[in-house]
Amino acid sequence: MADNLANSQQRYLRTTEAARFLGLSGRTLEKHRTYGTGPSYRKLGGRVVYALEDLQAWADIGLRQSTSDQGKGVVHAAKPVSGLGPLVGGRSPARRS
């Protein structure tokens, strides 16, 4: 039973660990989170954590076999992307007068 529990438990990484796993900087991963272009994450209290399988799934979106391969989708840069809509549950950007 202990083996089943250990095998079924999800491994979570904090932002710096998740960024290292993806080969990104922590700041880049934070920007992805802000713009909604990054991997799924969870909020546990005040902490942000990423499941390893979510990080791998997000990275796999950009998987290609050749330069002509269209792949599954696009891993966007860590900047606002038109068409993704407003941030869900997030702060709206400050308005400038």
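Check the entry above for the structure.
Because the structure is predicted, anything quoted here is derived from the model rather than measured.

## Looking at the environment of Gly-26
- Of note, Gly-26 is situated in helix H3 (residues 26-35).
- Separated by 12 residues in sequence, Gly-26 and Arg-14 have C-alpha atoms that sit 9.5 Å apart.
- Excluding residues within four positions of it along the chain, Gly-26 makes contact with Thr-15 and Ala-19.

## Brief notes about the pattern of salt bridges
- According to the stated counting rule, one finds 2 salt bridges in the structure shown.
- Glu-30 serves as the salt-bridge partner of Arg-27, at 3.4 Å between the closest nitrogen and oxygen. You can see Arg-27 and its partner Glu-30 sitting in helix H3, 3 residues apart, about one turn around the helix.
- With its nearest N and O atoms 2.8 Å apart, the salt bridge here joins Asp-54 to Arg-42.

Rules used throughout
- In this numbering scheme, every chain counts its residues from 1 along its sequence in written order.
- Residue-level local features of this predicted model are given only where pLDDT is at least 70; pairs of side-chain atoms are given and counted only at 80 or more, and the full residue set underlies all totals for whole chains, interfaces and linings.
- The side-chain figures draw on all heavy atoms in the structure; neither hydrogens nor water molecules are used.
- Each helix is a run of DSSP H or I of at least 4 residues and each strand a run of E of at least 2, with the numbering of both proceeding from the N terminus.
- Any pair of residues with heavy atoms lying within 4.5 Å of one another is described as a contacting pair.
- We define a salt bridge as a contact between a side-chain nitrogen of Lys or Arg and a carboxyl oxygen of Asp or Glu at a distance within 4 Å.

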